[in-house]
Amino acid sequence: MDSPSSAASSSTKKMPITIIVIGMAGAGKSTFVQRINSYLHSQNPPTPPYILNLDPAVTHVPYEANIDIRDTINYQEVMKQYNLGPNGGILTCLNLFTTKFDQVLDLVEKRADSVDYVILDTPGQIEIFTWSASGAIITDAVASSLPTVVAYIIDTPRTTAPATFMSNMLYACSILYKTKLPFILVFNKTDVQPHDFALGWMADFEEFQAALATHSGTRDAEGEPTYMNSLMNSMSLVLDEFYKNLKTVGVSSMTGDGVKDFFAAVDASREEYEKEYLPELQKARQRRDKSLQEVKEDSMNRLLSDLAIDREKNPAAAALDRWDPDEEGEDDDGDINIIDRSEDPWPGQYVDLTRARRHEGQGSNWPRPG
Ligand SMILES: Nc1nc2c(ncn2[C@@H]2O[C@H](COP(=O)(O)OP(=O)(O)OP(=O)(O)O)[C@@H](O)[C@H]2O)c(=O)[nH]1
């Protein structure tokens, strides 16, 4: 695959942009994905996206995913096999899936010419994606192949209390600084609660502080501001800086309100990715390649000098140490494949990755969770 910059400049077709949908449980991620999916289908001409569901535990998704983690991994079986609870089960499924993510990228890459948007729906428990190694690997893998944006879904009706609002913003802030990707705050469920209060608080921290002061529980028995109140007052100043790096839209995944604005923000994010994220990524890659090359050269030199000494000491063994063509071509990658539902109209049974454990030594060498 071309590097994003070369592909972007050399081809007339733009690279598809990936939207990683993240949010607290129940914020409306799946409904949002369904809404943007139907919006894209309703365009003239229709621009169907390529959708990946990464939630192994979800029982029903309201859209047709092109790649669904559930086709590859049986969540219930993973919990049983490894004796895990629900969250450990989801995390282990994600770890297993991540080891095959190169296949996912290959499938996405095959569609790069025909789709404009790739959408990733993430597990309901936000921290499983945002604070796990697998989540970081998936995010980095996608973002180094395609322009990528994070859509952080907020349950607007549940964010009207200043303290909850602040917690949500701090969480969003941590994800922004972790991924460093273009970031869109999506205030969802605006049919129930318009998001103008949030816009006001984000535009003017004094407005937020005033809301905080009038909210119950912010003064102690002597009428002094509580510790939490003082902390939140100071944090609002910190977050003021963070808000400047964000795009904000209000959406109702139920009615479709605001979805057009969301796509305007996504398109603006593409430019941000190309101007800011990509140059940083390329610099980081150069640094990594350079240090990898140095390490490789160093170990190769050591190996060669060790071999030379060894051969001198034991010429008979050196004569036996020859390449055996029969040993070549063994596939050590197992036979587990990621399924693209749109290529296979009936994906059929999931491939049970956990069998690898039971059939140890019989051809499959899946990595086990740590
Ligand atoms: N009124 C209203 N309800 C919504 C909206 N978006 C989602 N919901 C409802 O919110 C609930 C949660 O929506 P989901 O899409 O399942 O949320 P989720 O974030 O994918 O949930 P998890 O997978 O459990 O994290 C459902 O009952 C939806 O019908 C919206 O824009 N307006």
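For the structure itself, consult the block above.
Residues numbered from 1 in each chain as written. Predicted model: local features only at pLDDT ≥ 70, side-chain atom pairs only at ≥ 80, totals over all residues. Heavy atoms only, no water.

> Residue-level account of the overall build of the protein chain, with values.
Helix and strand content of the protein chain: 15 helices and seven strands. Counting only residues that meet the buried cut, the protein chain has 45% of its 370 residues in that class. Restricting the contact set of the protein chain to residue pairs at least 6 apart, pairs at least 24 apart contribute 76%. In the structure as shown, the protein chain presents an accessible area of about 19,500 Å², 52% of it carried by carbon and sulfur atoms. (Helix = DSSP H or I, 4+ residues; strand = E, 2+ residues; numbered from the N terminus. Buried < 20%, exposed > 50% of the residue type's maximum accessible area, 1.4 Å probe, protein only. Contact = heavy atoms within 4.5 Å. Areas by Shrake-Rupley, 256 points an atom, 1.4 Å probe, with all protein chains shown as cover.)

> Which residues make up the site of the ligand, and what values do they have?
The environment of the ligand is formed by 16 residues, the closest being Lys29, Ser30, Thr31, Asp191 and Ser253. Gly26 places a polar main-chain atom, nitrogen or oxygen, 3.2 Å from an oxygen atom of the ligand. Lys189 is positioned such that a nitrogen or oxygen atom in its side chain is 3.1 Å from an oxygen atom of the ligand. Protein chains shield 70% of the accessible area of the ligand, which is 650 Å² for the free molecule. Element by element, the count of residues in the shell around the ligand is highest for helix 2 (residues 29-41), at three residues. (Near = heavy atom within 4 Å. Polar contact = N/O pair within 3.5 Å; in protein donor to acceptor, adjacent residues only side chain to side chain.)

> Break down the packing of helix 9 (residues 162-179) against helix 11 (residues 205-214) for me, with residues and values.
Between helix 9 and helix 11, whose axes approach to 9 Å, the crossing angle comes to 135°. Classed by the angle they form, the pair helix 9 and helix 11 counts as oblique. In this structure, helix 9 contributes Pro162, Phe165 and Met166 to the contact, and helix 11 contributes Phe208, Ala211 and Leu212. Among the residues forming the contact of helix 9 with helix 11, the class breakdown is six nonpolar, no polar and no charged. (Axes fitted to C-alpha atoms, helices over the stretch in contact; angles between N-to-C directions. Parallel < 35°, antiparallel > 145°, perpendicular 65-115°, else oblique. Nonpolar A, V, L, I, M, F, W, Y, C, P; charged D, E, K, R; others polar.)

> Residues and numbers for the environment of Gln209, please.
Position of Gln209 among the secondary structure elements: in helix 11. Here the side chain of Gln209 touches Ser236 through a polar contact of 3.2 Å, side chain to side chain.

> Run through the nonpolar core, naming residues and quoting values.
In terms of nonpolar packing, the biggest core is built from 65 residues, with Leu52, Phe97, Tyr152, Phe165, Phe183 and Leu185 touching the most fellow members. Considering each element in turn, this core owes the most residues, eight residues, to helix 9. For Leu185, the contacting residues outside a window of four places in its chain are Tyr152, Ile154, Met169, Ala172, Met202, Leu246, Lys247, Thr248 and Val249. Counting residues in hydrophobic clusters, the runner-up holds 28 residues, among them Ile19, Ile36, Ala151 and Val266. (Core = buried A, V, L, I, M, F, W, Y, C linked by side-chain atoms within 4.5 Å.)

> Break down helix 12 (residues 227-243) for me, with residues and values.
Relative to the 24 Å expected for 17 residues at 1.5 Å per residue, helix 12 spans 24 Å between its end C-alpha atoms, a close match to the ideal helical length. At Leu237, helix 12 shows its largest bend, some 30°. (Expected span 1.5 Å × (residues − 1). Bend = angle between axes of the 7 residues up to and from the residue.)

> Mind laying out the pattern of salt bridges, listing which residues take part and the relevant values?
This model, assessed by the stated rule, comprises eight salt bridges. Between Asp155 and Arg158 there is a salt bridge; the shortest N-O distance is 3.8 Å. Given a relative accessible area of 11%, Asp155 falls into the buried group. (Salt bridge = Lys/Arg side-chain N within 4 Å of Asp/Glu carboxyl O.)

> Would you mind going over the sheet that holds strand 7 (residues 247-250) in detail, with residue names and values included?
Spatially, seven strands are ordered 3-2-4-1-5-6-7 in an open sheet, and the strand pairing comes out parallel. Among the strands making up the open sheet, the edge pair consists of strand 3 (67-68) and strand 7. Bridge count between strand 1 (residues 17-23) and strand 4 (residues 117-121): five bridges; the pairing is parallel. Within strand 4, the position partnered with Ile20 by the bridge is Leu120. Helix 6 (residues 101-110) contacts strand 2 (50-53), strand 3 and strand 4 of the sheet and is inclined by roughly 165° relative to strand 2. (Pairing = 2+ DSSP bridges.)

> I'd like a rundown of the pairing of strand 5 (residues 148-155), residues and numbers included.
Side-chain direction in a regular strand flips from residue to residue, so the side chains alternate between the two faces of the sheet. Counting buried residues in strand 5 gives eight out of eight residues, a clear majority hidden from the surface. Side chains Thr148, Val150, Tyr152 and Ile154 of strand 5 all project onto a buried face; the interleaved residues Val149, Ala151, Ile153 and Asp155 project onto the opposite face, where all are buried too. Pairing between strand 1 and strand 5: six bridges, direction parallel. Residue pairing across strands places Ile22 opposite Tyr152, the latter belonging to strand 5. Sheet analysis places strand 5 next to strand 6 (residues 183-188), joined by six bridges and oriented parallel. The residue of strand 6 that forms the bridge with Ile153 is Val186. In the classification by handedness, the crossover that spans strand 5, the intervening helix 9 and the parallel strand 6 is right-handed. (Right-handed = clockwise from strand over helix to strand, strands pointing away.)

> Kindly report on the side chain of Ser145, identifying the contributing residues and their values.
Tracing the sequence through the fold places Ser145 in the loop between helix 8 (133-143) and strand 5. Within the structure, Ser145 has its side chain in polar contact with the backbone oxygen of Ala141 (distance 2.9 Å).

> Describe the packing of aromatic side chains, listing the residues and the values that go with them.
Applying the stated rule across the entire model yields 13 aromatic pairs. Between Phe165 and Phe208, the aromatic rings sit 6.1 Å apart at their centres with planes inclined by 40°, giving tilted as the arrangement. Highlighted residues: Phe165 in helix 9 and Phe208 in helix 11, separated in sequence by 43 residues. The class for Phe165 is buried, based on a relative accessible area of 1%. By relative accessible area, which is 2% here, Phe208 ends up buried. Judged by centre distance (5.1 Å) and plane angle (80°), the ring pair of Phe197 and Trp201 falls under edge-to-face. You can see Phe197 and its partner Trp201 sitting in helix 10 (residues 196-203), four residues apart, about one turn around the helix. With respect to class, Phe197 is no different from Trp201; both count as buried. (Phe/Tyr/Trp six-rings, centres within 6.5 Å; stacked < 30°, edge-to-face > 60°.)

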